[in-house]
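This is what each chain is made of:
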Amino acid sequence: MPRSKTLPAELDAEARQLVARLRRLKDCSELTLRQLATKTGYSAKSWERYLGGTSLPPREAVEALARITGTDPAPLLALHEIALDTRDCHRARPAAQQQDEQREREAEEETHPADPHSEPLATPDARTPPRATEPASARFPHLALTAGVAALAVALSAALLLALRLGHDEAPAAVTAPSRSAAASSPPSYTCRISRIDGRWSAGINKGRNTEIVYGATGADVAEAQCLLRRAGITPGGIDGMFGPLTLRAVKTFQQRAGLAVDGMLGPRSWKALRG
């Protein structure tokens, strides 16, 4: 997705801000759309629509992009909620306008009865008082009241969502149950337990193996290397067990500092230097 591609003019300000944040994360991670599809479970075509502003991404896609780039998902999810609420409000407005137009037509029919030449008029009953019709001027306060109530509801919803977004900075994000598809595609989580065993550093994940791994590899060996890179003061992104662009950059940086061949591949010499 080229950075210079202009977002659609009809895109809401909230959705525009969310897409801009997602674009920055994608550009900083140097992931292609195909790599993004592989790591998140959403197709490259879907990401092209999400980052182009033609389709609002689902919540799970936003969480997946934050996870693979090592970013706190709370601010992104708050933006997503506001953009989703704004989109729903815009969709609800045409229905409310149609209801107001129907009320106007009914009031107009009551105010202006049918032409007496088109059908015979009924003889009025002296005992039945004539039905009072609503004057045309009485419709306008009703319409103004309806519009005012709708505007107040939108303002209260926006204020509530803004308060929730600000609350994410002070309180831990609420834990939500992931969908089945997200749970199936989520990689296992790893925890770094750095310790010194027989004079060698270990993260306690791959039982001290020095298996050769390259770009694109996944699993416990990658997570072990990510923990040891972080111990060495070089961030590989998240500890997710995926040898992606951020981990590749961290490996090359470490190899350069250690005076090794900078090939981005973790072989015996690189593992030996990592374990000290």
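Structure shown above.
Read on for an overview of the structure. (Residues numbered from 1 in each chain as written. Predicted model: local features only at pLDDT ≥ 70, side-chain atom pairs only at ≥ 80, totals over all residues. Heavy atoms only, no water.)

A short note on the overall build of the protein chain
Per the secondary structure count, the protein chain includes ten helices and two strands. Counting from the amino terminus, the protein chain carries its helices and strands in the arrangement α-α-α-α-α-α-α-β-β-α-α-α. Taken over 276 residues, the protein chain has a buried fraction of 32%. Pairs at least 24 apart in sequence give 55% of the contacts found in the protein chain among residues at least 6 apart. (Helix = DSSP H or I, 4+ residues; strand = E, 2+ residues; numbered from the N terminus. Buried < 20%, exposed > 50% of the residue type's maximum accessible area, 1.4 Å probe, protein only. Contact = heavy atoms within 4.5 Å.)

Focus on the side chain of Gln255
Checked against the element boundaries, Gln255 lands in helix H9 (residues 245-258). Residue classification places Gln255 among the buried positions, given a relative accessible area of 0%. At 3.0 Å, the side chain of Gln255 forms a polar contact with the backbone nitrogen of Gly264. Among all residues touching Gln255, those that are not within four sequence positions of it are Leu260, Ala261, Val262, Asp263, Gly264, Met265 and Ser270. (Polar contact = N/O pair within 3.5 Å; in protein donor to acceptor, adjacent residues only side chain to side chain.)

Points about the pattern of salt bridges
On inspection of all chains with the given rule, the structure shows five salt bridges. We note a salt bridge from Arg59 to Glu81, for which the minimum N-O separation is 3.2 Å. In this pair, Arg59 sits in helix H4 (residues 59-68) while Glu81 sits in helix H5 (residues 73-111), placing the two residues 22 residues apart along the sequence. Through salt bridges with shared partners, a single network forms among Arg59, Glu63 and Glu81. (Salt bridge = Lys/Arg side-chain N within 4 Å of Asp/Glu carboxyl O.)

Quick look at helix H1 (residues 13-29)
Residues spaced three or four apart along an α-helix face the same direction, because each turn holds 3.6 residues. Taking 1.5 Å of rise per residue, the 17 residues of H1 would be expected to cover 24 Å, and the 25 Å separating its terminal C-alpha atoms lies within 8% of that figure. Taken as a whole, H1 has its buried residues at Ala15, Leu18, Val19, Leu22, Arg23, Leu25, Lys26, Asp27 and Ser29. Just downstream of H1 lies Glu30, where phi reads positive at about 60 degrees. (Expected span 1.5 Å × (residues − 1).)

Considering the environment of Glu10
Summarising the element assignment, Glu10 is placed in the segment before H1. On the basis of relative accessibility, which here comes to 67%, the residue Glu10 falls in the exposed class. Taking the C-alpha atoms as reference, Glu10 lies 9.7 Å from Gly53; in sequence the two are 43 residues apart.

Description of the nonpolar core
Grouped together as the largest cluster of nonpolar side chains are 18 residues, with contacts concentrated most on Leu22, Leu36, Trp47, Leu65, Ile68 and Leu76. Broken down by secondary-structure element, the contributors of at least two residues to this core are H1, helix H2 (33-40), helix H3 (44-52), H4 and H5. Looking at which element gives the most residues to this core, the answer is H4, with five residues. Sequence-distant contacts of Leu76, defined by excluding residues within four places in its chain, comprise Leu18, Arg21, Leu22, Leu25, Val62 and Ala66. Counting 15 residues, the second-largest nonpolar core is a separate cluster that includes Ala217, Ala225, Ile234 and Leu248. (Core = buried A, V, L, I, M, F, W, Y, C linked by side-chain atoms within 4.5 Å.)

Looking at the packing of H1 against H3
The description of two helices packed together rests on the angle between their axes and the distance between the axes. Relative orientation of the contacting elements H1 and H3 amounts to 125 degrees, with a least axis distance of 8 Å. With respect to each other, H1 and H3 are oriented oblique. Mapping the contact onto sequence places Val19, Leu22, Arg23 and Lys26 in H1 and Tyr50, Leu51 and Gly52 in H3. (Axes fitted to C-alpha atoms, helices over the stretch in contact; angles between N-to-C directions. Parallel < 35°, antiparallel > 145°, perpendicular 65-115°, else oblique.)

Observations regarding the packing of H9 against helix H10 (residues 268-275)
Interaxial distance between H9 and H10 falls to 11 Å at its minimum, and their mutual angle equals 80 degrees. Viewed along their axes, H9 and H10 adopt a mutual orientation that is roughly perpendicular. Contacts between H9 and H10 involve Phe254, Gln255 and Ala258 from the former and Ser270, Ala273 and Leu274 from the latter. For the contact of H9 with H10, a count of residues per class yields four nonpolar, two polar and no charged. (Nonpolar A, V, L, I, M, F, W, Y, C, P; charged D, E, K, R; others polar.)

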